Amino acid sequence: MSALNTYLDRKNSFAKLFGQRALSLQVAADRQRIADSIDADLSPENLTCDGELSRSQVQTRYRALTAAAKELKQLDPSVKFYEFA
């Protein structure tokens, strides 16, 4: 679960900067929020940073996000994804 943990660590670091609470894999509602966040990051605009990233950077981000999504889906099959099917 290294891709998922890496993703969650990054999200929680940003949350801490803005005074928000950290997400946990132990809480079902948080797992769905993580899935929603991965979905948002997989949208074409976010994935490519509005076309600013190179193809190799986009592919690297895509692989990391889909790996995290797969790990989350294995951990909790009830989470819903829309961009990642």
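### Some remarks on the packing of helix α1 (residues 2–17) against helix α2 (residues 28–42)
Here is step 1: The N-to-C vectors of α1 and α2 enclose an angle of 90°; their axes lie 12 Å apart at closest approach. As far as their axial angle goes, α2 and α1 are roughly perpendicular. Along the contact surface, α1 presents Leu4, Tyr7, Leu8, Arg10 and Lys11, while α2 presents Ile34, Ser37, Ile38 and Asp41.
Here is step 2: Here the residues of the contact of α1 with α2 are counted per class, giving five nonpolar, one polar and three charged.

### Thoughts on the pattern of salt bridges
Between side chains of opposite charge, pairing is possible as soon as their charged atoms come close.
Here is step 1: By the definition in use, this model includes four salt bridges.
Here is step 2: Aspartate 41 serves as the salt-bridge partner of arginine 10, at 3.8 Å between the closest nitrogen and oxygen. Taken together, the residues arginine 10 in helix α1 and aspartate 41 in helix α2 connect sequence positions 31 residues apart.
Here is step 3: One salt bridge in this structure joins aspartate 41 and lysine 11, with 3.7 Å as the shortest N-O distance. Remark: lysine 11 occurs in helix α1 and aspartate 41 occurs in helix α2; sequence separation between them is 30 residues.

Cut-offs and rules
- Residues numbered from 1 in each chain as written.
- Predicted model: local features only at pLDDT ≥ 70, side-chain atom pairs only at ≥ 80, totals over all residues.
- Heavy atoms only, no water.
- Axes fitted to C-alpha atoms, helices over the stretch in contact; angles between N-to-C directions.
- Helix = DSSP H or I, 4+ residues; strand = E, 2+ residues; numbered from the N terminus.
- Parallel < 35°, antiparallel > 145°, perpendicular 65-115°, else oblique.
- Contact = heavy atoms within 4.5 Å.
- Nonpolar A, V, L, I, M, F, W, Y, C, P; charged D, E, K, R; others polar.
- Salt bridge = Lys/Arg side-chain N within 4 Å of Asp/Glu carboxyl O.

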